[in-house]
Protein chains: 2
Amino acid sequence: MRSEMINETETPAVAGQKDNRYSACLLFSANALARAITAIGDEEFGRIGLSYSYAYLLCEVVDQPGVTPSKLSETLFLTPSTITRLVEKLELKQLVRRESEGKKTLIYPTEAGEALRPAIAEAWGRVGARYSSAIGPDDVCQLTQQVFKAARSLDDLD
Amino acid sequence: MRSEMINETETPAVAGQKDNRYSACLLFSANALARAITAIGDEEFGRIGLSYSYAYLLCEVVDQPGVTPSKLSETLFLTPSTITRLVEKLELKQLVRRESEGKKTLIYPTEAGEALRPAIAEAWGRVGARYSSAIGPDDVCQLTQQVFKAARSLDDLD
DNA sequence: ATTTGTTGCTTGCACATACAAATATTGTTG
DNA sequence: CAACAATATTTGTATGTGCAAGCAACAAAT
């Protein structure tokens, strides 16, 4: 996300303050945060040729070989259709393979997939380091907990 | 970043507990929250035929006729290209119109656009009410502030 | 055992967003 | 002034995600 451009006429009170009426809106703020932090994630995970959802999904598959899409959907807070898409692409990249068993689908890592696991952990760490230093390591922990708790509350609604 | 692995396998102590190792990851949690809350937003704003980004953009245009894409980009934390796309669609719906002035583009609301303004405010309120009641009205305010602050910190990086 | 419903996964389609490159205007400097 | 750099916007293209509908396998009930 870019867009500096300062000047702006009637800036009130504090300089550098980019608060606006949307800052009080969680719908707005949560999306802004997600976009900003995903940019970091994509940068770091991109170095291993994945974006963060793929990386996390691959983690799950490596750590729980034979995991099903529905389990992944629950763990990753993504819809089943999204999981299908992610798995498809990981399969194309030869990082996982699917096995049909009845109406279930079991997902297993390939060797290449397993080999990527440490790199994912590293990238994961780098992402954490970057946003921690930007946001402030003290706040980050509590913020994360609260954000997750809120996400879960909303998700449990339906 | 701490990766606390929580129990695995079958449901742990508390029922409804969906914590996992990603709950400690802000990249993950922020996206989960954004998706969950956007679902609410789309539902409410959908009733007036917009999704939330369009609605907020239209607000800005109604409240600051002649606003430029770059200003909108700054206010809405979206890239200029995204603003162009949003404005295009609002123009198709006859809710705004564009005027070229040199290298700038000035965006004005149409009457239909202005007429929608109160409905947007209402939908906005309903969204707030819904997530407040889900998350807990006490937490929501502080959470929103922190989330916005974090988003701004990350955005100010580059 | 056939029907009916339920569960698990996949597909078709749509949408929000971004990046990189293209275009057009404005500013600057030799 | 001409050439070049900077700024503002748009366009081509790609990606992540979801909804609704489809399909396949299983379960339940008559």
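As a reminder, the structure under discussion sits directly above these lines.
Residues numbered from 1 in each chain as written. Chains lettered and ligands numbered in written order. Predicted model: local features only at pLDDT ≥ 70, side-chain atom pairs only at ≥ 80, totals over all residues. Heavy atoms only, no water.

**Section: the relation of the copies chain B and chain A**
In step 1: With an RMSD of 0.0 Å, the fit of chain B onto chain A corresponds to turning through 180 degrees and sliding 0.0 Å along the axis. The relationship between the two copies is best expressed as a two-fold rotation axis.
In step 2: An overlap of 91% is found between the interface residues of chain B and their copies at the interface of chain A, pointing to a shared contact surface. (Least-squares fit on C-alpha atoms with pLDDT ≥ 70 in both. Contact = heavy atoms within 4.5 Å.)

**Side note on the pattern of salt bridges**
Any two side chains of opposite charge can pair, so long as their charged atoms come close to each other.
In step 1: A complete count under the given rule lists 22 salt bridges over all chains for this structure.
In step 2: A salt bridge links Arg-21 of chain B to Glu-60 of chain A; the nearest nitrogen and oxygen atoms lie 2.8 Å apart. One end of the pair, Arg-21 of chain B, is in the segment before helix H1 (26–46); the other, Glu-60 of chain A, is in helix H2 (residues 52–63), on a second chain. Residue Arg-21 of chain B shares its accessibility class with Glu-60 of chain A, and that shared class is buried.
In step 3: With its nearest N and O atoms 2.7 Å apart, the salt bridge here joins Arg-21 of chain B to Asp-63 of chain A. Residue Arg-21 of chain B is found in the segment before H1, and its partner Asp-63 of chain A is found in helix H2; the two belong to separate chains.
In step 4: Each of Glu-43, Glu-44, Arg-47, Glu-122, Arg-126 and Arg-130 of chain A takes part in one network of salt bridges that share partners. (Salt bridge = Lys/Arg side-chain N within 4 Å of Asp/Glu carboxyl O. Helix = DSSP H or I, 4+ residues; strand = E, 2+ residues; numbered from the N terminus. Buried < 20%, exposed > 50% of the residue type's maximum accessible area, 1.4 Å probe, protein only.)

**Things to note about the protein's contact with DNA strand D**
In step 1: Among the 26 residues in the neighbourhood of DNA strand D, the closest are listed as Ser-51, Ser-53, Tyr-54 and Thr-82 of chain A together with Ser-70 of chain B.
In step 2: Ser-51 of chain A is positioned with one of its side-chain polar atoms (N or O) 2.4 Å from a phosphate oxygen of DNA strand D.
In step 3: Between Thr-84 of chain B and DNA strand D, the recorded distance is 3.0 Å, taken from a side-chain N or O atom to a phosphate oxygen.
In step 4: With five residues, helix H4 (residues 80–92) of chain B is the single largest residue contributor to the surface near DNA strand D. (Near = heavy atom within 4 Å. Polar contact = N/O pair within 3.5 Å; in protein donor to acceptor, adjacent residues only side chain to side chain.)

**Side note on the protein's contact with DNA strand C**
In step 1: Every one of the 27 residues lining DNA strand C counts as a neighbour, but Ser-70 and Arg-98 of chain A together with Ser-51, Ser-53 and Tyr-54 of chain B are closest to it.
In step 2: Sugar plus phosphate: this is where 66% of the atoms of DNA strand C within 4 Å of the protein reside.
In step 3: Here a sugar or linking oxygen of DNA strand C and a side-chain polar atom of Thr-105 of chain A are 3.0 Å apart.
In step 4: Those elements that provide at least two residues to the surface near DNA strand C are helix H3 (69–76), helix H4 (80–92) and strand S2 (104–109) of chain A together with helix H2 (52–63) and H4 of chain B.
In step 5: Residues belonging to the surface near DNA strand C are distributed by class as follows: seven nonpolar, 11 polar and nine charged. (Nonpolar A, V, L, I, M, F, W, Y, C, P; charged D, E, K, R; others polar.)

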